[in-house]
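Chain residues, written in single-letter form:
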Amino acid sequence: KFILSAAIGVIFMLSATVVNGQGKEDSAMLQMFDAMQQLMTGEPEYDRILFQELRECMITFDPLLTTSQDSAWQGIINYWIMNGTDGDPWGATNLVYIENNITNSDFLNMTVYE
């Protein structure tokens, strides 16, 4: 959990509130953390206590940091839903110098290219 937490903490992006499949509202950040937790460990959700501690820590730096992070994660979700843009579709560029492993997340069936 430490490695996952550290990786997510370094990313430090988030998003606005969205509704999950169970009709419960969660921040887009939490939904993406859940998706990454499931992909990396098979566990269905990110540690809620650790998530709350992370958000509280962010607030100590800037009360608007969680809002900006939620918005950033929502931007990633929106980009996926819209399949990117006309000039930059999601995952369409095949770069020769990087790996091109493809994994589908349970969250929105989002395709992850690594």
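Residues numbered from 1 in each chain as written. Predicted model: local features only at pLDDT ≥ 70, side-chain atom pairs only at ≥ 80, totals over all residues. Heavy atoms only, no water.

Quick notes on the overall build of the protein
Scanning the protein from terminus to terminus reveals four helices and four strands. When the elements of the protein are put in sequence order from the N terminus, they spell out α-β-β-α-α-α-β-β. Considering the protein as a whole, with its 114 residues, one finds that 34% of them fall into the buried category. Looking at the protein alone, contacts between residues at least 24 apart form 51% of all its contacts between residues at least 6 apart. Of the roughly 7300 Å² of accessible surface on the protein, 59% is carried by carbon and sulfur atoms. (Helix = DSSP H or I, 4+ residues; strand = E, 2+ residues; numbered from the N terminus. Buried < 20%, exposed > 50% of the residue type's maximum accessible area, 1.4 Å probe, protein only. Contact = heavy atoms within 4.5 Å. Areas by Shrake-Rupley, 256 points an atom, 1.4 Å probe, with all protein chains shown as cover.)

Focus: helix H4 (residues 65-81)
Over its 17 residues, H4 extends 24 Å from the first C-alpha to the last, a length consistent with the 24 Å expected when each residue adds 1.5 Å. Turning to H4, its buried residues are Leu 65, Thr 66, Gln 69, Asp 70, Trp 73, Gln 74, Ile 77 and Trp 80. Just downstream of H4, Asn 83 is the residue with a positive phi angle, here 60 degrees. (Expected span 1.5 Å × (residues − 1).)

Points about a nonpolar patch on the surface
A cluster of nonpolar residues, Ile 81, Met 82 and Leu 108, forms a patch on the protein surface that exposes about 330 Å² of accessible area. Note on placement: Ile 81 falls in helix H4. (Patch = residues over 30% accessible without salt bridge, like charges linked within 9 Å, V, L, I, M, F, W, Y side chains within 5 Å. Salt bridge = Lys/Arg side-chain N within 4 Å of Asp/Glu carboxyl O.)

As for the confidence of the model for the protein
Per-residue pLDDT for the protein has a mean of 78; in total, 70% of the residues score no lower than 70. This model gives residues 1-24 a pLDDT under 50, and the stretch forms 61 contacts once residues within four places in sequence are excluded. (pLDDT = per-residue confidence, 0-100.)

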